Amino acid sequence: MAKSPAVRTPADKPRSTPSTTPAPDTLRGNGDELQQQAGADHPVMTTQLGIPIADNQNSLRSTPRGPSLLEDFILREKITHFDHERIPERIVHARGTAAHGYFELTESLADYTTARVLTEVGVQTPVFTRFSTVAGGAGSVDTPRDVRGFAVKLYTQEGNWDIVGNNIPVFFIQDAMKFPDLVHAVKMEPDRGYPQAGSAHDTFWDFVSLMPETLHMVMWAMSDRTIPRSLRTMEGFGVHSFRLVNAEGKSTFVKFHWRPKLGIQSTVWDEAVKLQAADNDYHRRDLFEAIEAGNYPEWDFAVQLFTEEEAASFPFDHLDATKLIPEELVPLRTIGRMVLNRWPDNFFAETEQVAYCPANVPPGVDFSNDPLLQGRLFSYLDTQLSRLGGPNFAQIPVNAPKCPFHNMQRDGHMQMNVPKGRVNYEPSSLQGDTPRASQAQGFRHFAEAADAGAKGRIRAESFADHYSQARMFFRSQSELEQSHIASAIVFELSKVATVHVREAVVGHLQHVDPALAQRVADGLGMDAMPPKPPAAVKPQDLPLSPALRIIDRMQPTLEGRCVGLLVHDGTNAKSVATLRKAIEKAGATVKIVAPKVGGAVMDDGSRLPADGQLAGTPSTVFDAVASILSTEAGQKLAREAAAVDWFRDAFGHLKAIGACPGTQAILQAAGIEPDAGVVDPKDSKAFIAAAQTRQWDREPKLRTLA
Ligand code: HDE
């Protein structure tokens, strides 16, 4: 009969259980080197229920080499918790990055609204702002061509207000009914499970070709807006019209805008593609580093205010989310600012668990009848029930209001509060301190008079024009931006294998702009222009809106940008110090790049540590680059692919290059013909002037745009 291995003797005692408590931080031998013990600075590790743990390295075993024991409640608890660490990711906007900060009102809107957050000038309201891509999963990359979510939770004194917007002021569809179809079409194709995080595939463009209402936003999606340089350089839009309601119950329509203090900046497409390989977390890291360095990202908050009568005179229906209101028509009024100044303590607890909902508005703010918004008012609360597991998600710290709150909602999964008393209903006469509704302070819906008309599944006639604003947007762009849009459409449609889908899209583009359609057809190598589909209403030539451009409106500044400075052994220490000082004075940060992360030995014998190793820190991650190299080092690096690519890419991505004489050998190896954006970094003024913008003139000489 086999001897039972499960009989324990004192000799089987788990080896890691110390007979005496070792000194703090003493690492013990005999296989338990990793065991760290509690001491003055370290609290005792416990189970979830507070049982102190003696050994966090070894599971409980019947003998040193025998089976593990079910009895090991410490192991079981640890593994069980781990097994349940993930919650469902967001169906859209799964990949996000967020930060805390504040909103400060600079001009009161007291004439328009009772909301205290919009009337109490100077009050700082805490915010939690989450930026996101739309199509990819939580683990996807930061820089695909995609719309970005721009969701702001304002913890006002009258409850949480969520402005859940995007970095594009219009949306793909007009009616909530189509949202699941749109999202299914843009996400990875269900049979093959790819592509991740991108619209360049058949199902998305098939949907576009059959839903011309998408075309205006498609123009935006193909513009440089969807390849932002940084989350700090994106505009944010509330998209829908909302209402402000004042003390007299009068309503004014409003559109919300966030305008980045650093101006709008985008990458160029080749750069965005290469960033996906260089740094999956490019935007997240950028925001983290800016906040850690005290360079707090800031946005102006602006509103467009307009009356029902003014809205009636617009050549489009403002309730249609595929339309924007040009600021030439209704000017923007800046009334506040948002500053993000604190990184979350814990990504999961805050960024992952935050639950936004466009239905969260304080008294004095109300909804419009935009049918897309109306659908959203339902969707967000609903999705949290499964994503966060039940009806008590508002108790999670990042979601909880920071003002007093009282109601009779009780129980449910993960109830964290312990309500006292006998009364959990209203009205009641048993207890004096139970919450009651307040006519004076409570939320009152705007008493909108209903339009005449019959009930039905109807799309308003005023929603029928799908092309005019797409045309306005495209024609308002600078020449180069138009080329970027045309090239992006060619790129995306070139990834569409189904010929009739490509043709149908080009067919629609003729309504937007015949020259654009021709450029795309040429770019796709089409022999003939595909037929133009009938339009529900004839597109109009609306006044152009130059305010919709990016390139002309970029701010010539180095503030908030990052310059990569390449050094090697023998680099002149003084030149590095001078250039660094000048760049930092201009508001940018400098990162030293060297062949080895340990740094390089300067000509004065000092060692300059590197922030990045050359092979792992391509120039794509910088706004501009410079190098200070000895002739010998330059010749050596001219034979190094990482160095040659560093300059070739910087040049191709239209960045300023500060190249000292020692660098010339690398420039030659990279085939760079120096232009006005390639300067000697000794002249720090010239370098800074060049680095304040991209070298747009360079682009047509470098690549063929559609
Ligand atoms: Fe969303 N959207 N959406 N959306 N949306 C979600 O809510 C939905 C729409 C936007 O950082 C989901 O909590 C429907 C427009 C942002 O957590 C979900 C419709 C705009 C975020 C949902 C829309 C947005 C979301 C997924 C059509 C721009 C991320 C998880 C009726 C104005 C917020 C979640 C964050 C998230 C539904 C249309 C922006 C599924 C049904 C238009 C920024 O509820």
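Above this text sits the structure in question.
Only a predicted model underlies this, so the values are computations on that prediction, with no experimental measurement involved.

> An account of the site of the ligand is requested, with residue identities and associated values reported.
The immediate surroundings of the ligand are formed by 21 residues, with Arg-90, Arg-130, Ser-379, Tyr-380 and Gln-384 found nearest. Counting residues per element, the ones that place at least two in the shell around the ligand are strand S3 (148–156), strand S4 (159–166) and helix H9 (371–387). Residue contributions to the shell around the ligand peak at 6 residues, all from H9. Classifying every residue of the shell around the ligand gives 10 nonpolar, 8 polar and 3 charged.

> Got a sec to walk through the coordination of the iron atom of the ligand? Specific residues and values, please.
On the protein, Tyr-380 (OH) is the one donor atom to the iron atom of the ligand, at 1.8 Å. Tracing the sequence through the fold places Tyr-380 in helix H9.

> So what's going on with the nonpolar core? Residues and values would help.
Core analysis: the largest hydrophobic core is formed by 55 residues, its most contacted members being Phe-172, Trp-205, Met-219, Ile-489, Leu-493, Leu-516 and Val-520. One finds Val-117, Val-365, Phe-367 and Leu-373 within the second-largest nonpolar core, a separate group that totals 36 residues.

> Any chance you could break down the sheet that holds strand S17 (residues 657–659) for me, citing the residues and the numbers?
The 6 strands are arranged S15-S12-S11-S16-S17-S18 in an open sheet whose pairing can be described as parallel. Among the strands making up the open sheet, the edge pair consists of strand S15 (612–613) and strand S18 (678–679). Two elements, S17 and S18, share 2 bridges in a ladder whose sense is parallel. By the bridge assignment for S18, Ile-657 is matched with Val-678. Running at roughly 145° to strand S12 (residues 589–594), helix H14 (residues 573–585) makes contact with strand S11 (562–566), S12 and strand S16 (624–627) of the sheet.

> An account of the packing of H14 against helix H18 (residues 684–691) is needed here, citing residue identities and associated values.
Between H14 and H18, the least distance of the axes is 10 Å, while the angle of their chain directions is 45°. When the axes of H14 and H18 are compared, the pair comes out oblique. Here H14 and H18 pass one another in a crossing that is right-handed. Contacts from Leu-579, Ala-582 and Ile-583 in H14 reach Ser-684, Phe-687 and Ile-688 in H18. Looking at side-chain class alone, the contact of H14 with H18 contains 5 nonpolar, 1 polar and no charged residues.

> I'd like a description of the pattern of salt bridges, backed by residues and values.
Two side chains bearing opposite charge may form a pair once their charged atoms approach each other closely. Inspection of the entire model under this criterion finds 37 salt bridges. A salt bridge links Asp-623 to Arg-229; the shortest N-O distance between them is 2.5 Å. Here Arg-229 lies in the loop between helix H4 (215–221) and strand S5 (236–237) and Asp-623 lies in the loop between S15 and S16, a separation of 394 residues in the sequence. Both residues of the pair, Asp-623 and Arg-229, belong to the buried class. Its salt-bridge partner being Lys-655, residue Glu-271 comes within 2.8 Å of it at the nearest N-O pair.

> Break down unusual backbone geometry for me, with residues and values.
Pro-195 follows Tyr-194 through a cis peptide bond whose omega is 0°. As for its placement among the helices and strands, Pro-195 is situated in the loop between helix H2 (179–186) and helix H3 (202–210). Cis geometry is found at the peptide bond from Glu-426 to Pro-427, where omega equals 5°. Within the fold, Pro-427 resides in the loop between H9 and helix H10 (468–476). Positioned with a positive phi, His-93 is a non-glycine residue whose angle comes to about 60°. Mapped onto the secondary structure, His-93 falls in the loop between helix H1 (73–83) and strand S1 (96–105). Its identity is not glycine, yet Val-239 carries a phi of approximately 70°, on the positive side. Summarising the element assignment, Val-239 is placed in the loop between S5 and strand S6 (242–245).

Quick notes on the rules
Residues numbered from 1 in each chain as written. Predicted model: local features only at pLDDT ≥ 70, side-chain atom pairs only at ≥ 80, totals over all residues. Heavy atoms only, no water. Near = heavy atom within 4 Å. Helix = DSSP H or I, 4+ residues; strand = E, 2+ residues; numbered from the N terminus. Nonpolar A, V, L, I, M, F, W, Y, C, P; charged D, E, K, R; others polar. Donors = N, O, S within 2.8 Å, 3.2 Å for Na, K, Ca; no water. Core = buried A, V, L, I, M, F, W, Y, C linked by side-chain atoms within 4.5 Å. Buried < 20%, exposed > 50% of the residue type's maximum accessible area, 1.4 Å probe, protein only. Pairing = 2+ DSSP bridges. Contact = heavy atoms within 4.5 Å. Axes fitted to C-alpha atoms, helices over the stretch in contact; angles between N-to-C directions. Parallel < 35°, antiparallel > 145°, perpendicular 65-115°, else oblique. Left-handed = near helix turned anticlockwise from the far one by under 90°. Salt bridge = Lys/Arg side-chain N within 4 Å of Asp/Glu carboxyl O.

Take it as geometry only, folks, not as evidence of what the structure does.
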